[in-house]
Amino acid sequence: MDWSRAKTILIAALLATNAVLLAALALKAAGPDSPDDGLSLKILAAAHVAIETELPKTPGKMAVLYVEPEPFAPSAIDEALAEQAARPHSGELTNEALRAEADALLERCGLMSEGVRYLGAEREGDARVVSYGNTFGGVPLEECFVRLYFSGGRFVKAERKWYDPIRLHDKKGEVISPVEALMRLLPEKDEAEPLAISGVELVYWVSSDAAGAFSPINDTALPAWKITDGAGRVRYVPGY
């Protein structure tokens, strides 16, 4: 036997094995955003799903978030309504003045915090509506909102469904890729009907199915993908 040639072949085989292992590790480190997503995107296209937005990166591992519902007393809103009812109508407020009034009301109700985000103001009938949402660590907390209605410069009504973030669970789970989240929409979709995806965003979402699953006291907000279609309809896909 030519030991010199056998040695060369053995070294080449070991190098090839190392290359395969390194490639496998690289694919694993890349996460679900890389190997399988290409095939999934082809399946989505074949199912007439058009992705008209840039897909975000998969965040890796995330924990569920404990939240406390409605942490402020409705009496604070009631007091503000009684006070405002005694004020004369001052006419239309500028956008800046309207937001200042709304901010002050949130402060009074104990809602204004670092995570609160101003979502904008819009007209609804004779009223102007100022909307706020909440976030945790920069991630929006969905199905959590306060809408303050103003008419003639006075606060007249509030609609609210509010959750106050408490703390993260001590264990983390791997979050699925946004492509996998889109794939999970296919069972409920008419195969021949086109579906345009205009937005995909990572959020915390309080699902009625998950509420209380991790805690008997507080509700639980799961990492989820918020998917918006071209018609403005929103779907939430749990991130685990």
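Note that this is a predicted model, so its numbers are computed, not measured.

1. Focus: the packing of aromatic side chains
Two aromatic rings are characterised by how far apart their centres lie and by the angle between their planes. A full pass over the atoms with the stated rule returns 4 aromatic pairs. Residues Phe150 and Phe155 carry aromatic rings whose centres are separated by 5.9 Å and whose planes lie at 55° to one another, so their mutual orientation is tilted. For the pair Trp205 and Tyr236, a centre-to-centre distance of 5.1 Å together with 15° between the ring planes defines the contact as stacked. Of this pair, Trp205 sits in strand 10 (residues 195-206) while Tyr236 sits in strand 12 (residues 234-238), and the two are 31 residues apart along the sequence. Residue classification places Trp205 among the buried positions, given a relative accessible area of 16%. If you follow Arg147 out to its NZ or CZ, it ends over the ring of Phe145, 4.0 Å from the centre. Sitting over the ring of Tyr149, Lys157 keeps its end group 4.4 Å from the ring centre.

2. A short note on the pattern of salt bridges
On inspection of all chains with the given rule, the structure shows 9 salt bridges. With its nearest N and O atoms 3.8 Å apart, the salt bridge here joins Lys157 to Glu159. With relative accessibility at 39%, the residue Lys157 sits in the partly exposed group. With a relative accessible area of 28%, Glu159 lands in the partly exposed category.

3. Considering the pairing of strand 6 (residues 139-151)
Relative to strand 6, strand 5 (residues 127-136) runs antiparallel, the two being bridged by 9 bridges. Residue pairing across strands places Tyr132 opposite Val146, the latter belonging to strand 6. Counting the residues that bridge the hairpin from strand 5 to strand 6 gives 2 residues, and of these Gly137 lies at a positive phi of roughly 60°. Bridge analysis of strand 6 against strand 10 gives 2 bridges, and the strand direction is parallel. From the neighbouring strand, Glu142 faces strand 10, where its bridge partner is Trp205. Bridging between strand 6 and strand 7 (residues 154-161) involves 7 bridges; their strand directions are antiparallel. Within the sheet, the bridge partner assigned to Phe145 lies in strand 7 and is Lys161. Hairpin connection, strand 6 to strand 7: the antiparallel pair is bridged by 2 residues, and Gly152 has positive phi, about 60°.

4. Details of the pairing of strand 5
Burial runs high along strand 5: 9 of the 10 residues are buried. By the bridge criterion, 7 bridges tie strand 4 (residues 117-124) to strand 5 in an arrangement that is antiparallel. When the bridges of strand 5 are listed, Tyr118 appears paired with Tyr132. Hairpin connection, strand 4 to strand 5: the antiparallel pair is bridged by 2 residues, and Gly125 has positive phi, about 65°.

5. Structural notes on helix 2 (residues 37-46)
What helix 2 keeps buried is the set Asp37, Ser40 and Leu44. Viewed along the axis of helix 2, the buried residues span an arc of 55°, placing them on a single side of the element. Facing away from the buried side of helix 2, by more than 90 degrees, are the exposed residues Leu39, Lys42 and Ala46. Against strand 1 (49-51) and helix 5 (178-183) lie the buried residues of helix 2.

6. A closer look at the side chain of His169
Position of His169 among the secondary structure elements: in the loop between strand 8 (163-168) and strand 9 (173-174). Residue classification places His169 among the buried residues on the basis of a relative accessible area of 18%. Among the polar contacts made by the side chain of His169, one reaches the side chain of Asp170 at a distance of 3.1 Å. At 3.0 Å, the side chain of His169 forms a polar contact with the backbone nitrogen of Lys171.

Rules used in this analysis
Residues numbered from 1 in each chain as written. Predicted model: local features only at pLDDT ≥ 70, side-chain atom pairs only at ≥ 80, totals over all residues. Heavy atoms only, no water. Phe/Tyr/Trp six-rings, centres within 6.5 Å; stacked < 30°, edge-to-face > 60°. Helix = DSSP H or I, 4+ residues; strand = E, 2+ residues; numbered from the N terminus. Buried < 20%, exposed > 50% of the residue type's maximum accessible area, 1.4 Å probe, protein only. Lys NZ or Arg CZ within 6 Å of the ring centre and 35° of its normal. Salt bridge = Lys/Arg side-chain N within 4 Å of Asp/Glu carboxyl O. Pairing = 2+ DSSP bridges. Arc of directions from axis to C-beta. Contact = heavy atoms within 4.5 Å. Polar contact = N/O pair within 3.5 Å; in protein donor to acceptor, adjacent residues only side chain to side chain.

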